[in-house]
Amino acid sequence: MATVGKGKYTYELVPNWEKLPEGWVLGQTAIVTDSQDRVYLFNRGEHPLIVLDRDGNFLTSWGEGQLPDAHGMYIDAEENLYMPVKNSHVVLKYDPKGNLLMTMGEWDQPSDTGWSGRYSDVVERAAGPFNSPSDIAIHPNGDLYISDGYGNARVHRFTSDGQLIESWGQPGKTGHGEFHVPHGVWVHTDGRVFVADRENNRIQIFDDGGNFLEQWLGLARPCDIYIDADEAIFVPELDGFMSILDMDGDILARWGSPVEVGHGQGAHAVWVDSHGDIYVNQNLEGHRLVKYRHVGE
């Protein structure tokens, strides 16, 4: 099997890992794992929420006809799932069995940002929640942070029961707190908020009140962020594939796509399970889910 990375961050590609029912096709997908390392796939397909075991065996699915446009996902300590439905402009909270617990935003009612509908265009103005939200993360105190996203240029902070606390961010290409497709968000255990500012090829880091702290440049359209217990930062890149960084932004490991593709067909989402195995969503039809088994020191 193909091996990637280096040192502690060495992985072995697991080919043909997922075992979906015959005829099922996995669309663009967000990924989380639970305490039993079951793998939840929130995807843009006919079966929007698919659950597999750690060996890739199919367990269940739900959300058919209800979840039209998956983008991003988070799982909390009670194993509730938080799911942005991008083109419907809502973020939903479900229990693991598919019971809806909370809706943030108004279905099919985007906020007014003057966005053209093309991700290559910077929005005209920032606005309130939501216009094509992209990702969600949870602060240690329970507050919810949502990157918003394709049609907006903001990060929104909510209480755990869905009440808006504050928002920050403006459209732009270089300034601190300016965003062009804030695509992924992660809140570290120390409260710092990491934002994958995709079309600006950088990660911006803020305190939990939205005050700018620093930025890391030189990334290839970063899409998502996962920080593990050892403070390794996993960053999938749309014009690359996977970079693992330390808390200073220095590269620990980096590798390219397992298949020959061009720019824009790299990695789109990432999650790491309790064994250190990596699950990656690739922006490529027929190759949506890639698993790497951790074999490092």
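Residues numbered from 1 in each chain as written. Predicted model: local features only at pLDDT ≥ 70, side-chain atom pairs only at ≥ 80, totals over all residues. Heavy atoms only, no water.

Student: What's the story with the pattern of salt bridges in this structure? I'm lost.
Tutor: A side chain of one charge can pair with a side chain of the opposite charge when the charged atoms of the two come close. By the definition in use, this model includes 21 salt bridges. Put simply, D190 and R192 hold a salt bridge, and the shortest N to O gap is 2.8 Å. As a salt-bridge pair, E199 and R221 come within 3.0 Å of each other at their nearest N and O atoms. With a gap of 22 residues between them, E199 in the loop between β18 (193-197) and β19 (202-206) and R221 in the loop between β20 (212-216) and β21 (226-227) connect regions that are remote in the sequence. (Salt bridge = Lys/Arg side-chain N within 4 Å of Asp/Glu carboxyl O. Helix = DSSP H or I, 4+ residues; strand = E, 2+ residues; numbered from the N terminus.)

Student: Got a minute to help me understand the packing of aromatic side chains in this structure?
Tutor: Scanning all chains against the criterion turns up 18 aromatic pairs. Considering the side-chain rings of F194 and W216, the 5.9 Å spacing of their centres and the 65 degrees angle between planes classify their relative orientation as edge-to-face. Placement of the pair is F194 in strand β18 and W216 in strand β20, with a sequence separation of 22 residues. By relative accessible area, F194 is classed as buried at 0%. (Phe/Tyr/Trp six-rings, centres within 6.5 Å; stacked < 30°, edge-to-face > 60°. Buried < 20%, exposed > 50% of the residue type's maximum accessible area, 1.4 Å probe, protein only.)

Student: Can you walk me through the layout of surface pockets in this structure?
Tutor: The rolling of a water-molecule-sized probe over the atoms marks out the regions of remaining empty space. Its volume calculated, the largest pocket comes out at about 680 Å³. When residues of the lining of the largest pocket are traced back to their parent elements, those giving at least two are β7 (74-75), β17 (182-187), β21 and β25 (267-272). Here the residues of the lining of the largest pocket sort into 13 nonpolar, eight polar and nine charged. Lining the second largest pocket we find 15 residues, and of these N16, E18, G286, H287 and L289 sit closest to its centre. At the level of elements, β2 (9-14) and β27 (289-294) are the ones that each hand at least two residues to the lining of the second largest pocket. No other element matches the three residues that β27 contributes to the lining of the second largest pocket. Considered class by class, the residues forming the lining of the second largest pocket number nine nonpolar, three polar and three charged. (1 Å grid on protein atoms, 1.4 Å probe; cavity = no way out; pocket = protein on both sides within 12 Å on 5 of 7 lines; lining within 4 Å. Points joined across faces, edges and corners; volume = space filled by probe spheres on them. Nonpolar A, V, L, I, M, F, W, Y, C, P; charged D, E, K, R; others polar.)

Student: Just checking my understanding: could you explain the side chain of H71 for this structure?
Tutor: Among the structural elements, H71 can be located in the loop between β6 (58-62) and β7. Judged by relative accessible area, which is 3%, H71 ranks as buried. At a separation of 3.1 Å, a polar atom in the side chain of H71 contacts the side chain of Y150. Not counting chain neighbours up to four residues away, the residues in contact with H71 comprise F42, R44, P84, K86, P133, S134, D135, Y150, H183 and H268. (Polar contact = N/O pair within 3.5 Å; in protein donor to acceptor, adjacent residues only side chain to side chain. Contact = heavy atoms within 4.5 Å.)

Student: How should the environment of F42 be read in this particular structure?
Tutor: Note that F42 resides in strand β4 (residues 39-43). Assessed through its relative accessible area of 0%, F42 is described here as buried. The spatial distance from the C-alpha of F42 to the C-alpha of L13 is 22 Å, given a sequence separation of 29 residues.

Student: Looking at this model, I keep getting lost on the pairing of strand β8 (residues 81-85). Mind explaining?
Tutor: Consecutive residues of a regular strand have side chains that alternate between opposite faces of the sheet. For β8, a buried count of five out of five residues is recorded, marking the element as mostly surrounded by other parts of the structure. Residues L81, M83 and V85 line one face of β8 and the alternating positions Y82 and P84 line the opposite face, and both faces are buried. Two strands pair when backbone bridges link them, and β7 and β8 are joined in this way by two bridges, in the antiparallel orientation. Within β8, the residue paired with Y74 across the bridge is Y82. Counting the residues between successive antiparallel strands, the hairpin from β7 to β8 contains five residues, one of them, E79, with a positive phi of roughly 65 degrees. Here β8 runs beside strand β9 (residues 90-94); their pairing, made up of five bridges, is antiparallel. (Pairing = 2+ DSSP bridges.)

Student: It is not clear to me how the sheet that holds β17 should be interpreted in this structure. Could you clarify?
Tutor: With antiparallel pairing, four strands are arranged side by side in an open sheet as β17-β18-β19-β20. Each edge of the sheet is formed by a strand with only one pairing partner; in this case those strands are β17 and β20. For this sheet, the mean inter-axis angle between neighbouring strands, taken without regard to orientation, is 20 degrees. Taken together, the five bridges between β17 and β18 define a ladder with antiparallel strand orientation. Opposite V185, over in β18, you have V195 as the bridge partner. (Axes fitted to C-alpha atoms, helices over the stretch in contact; angles between N-to-C directions.)

Student: Is there a simple way to think about the side chain of S111 in this case?
Tutor: In this structure, S111 sits in the loop between β10 (100-104) and β11 (133-138). A distance of 2.8 Å separates the side chain of S111 from the backbone oxygen of G128, its partner in a polar contact. In contact with S111, not counting residues within four places along its chain, are A127, G128, P129, F130, N131 and N152.

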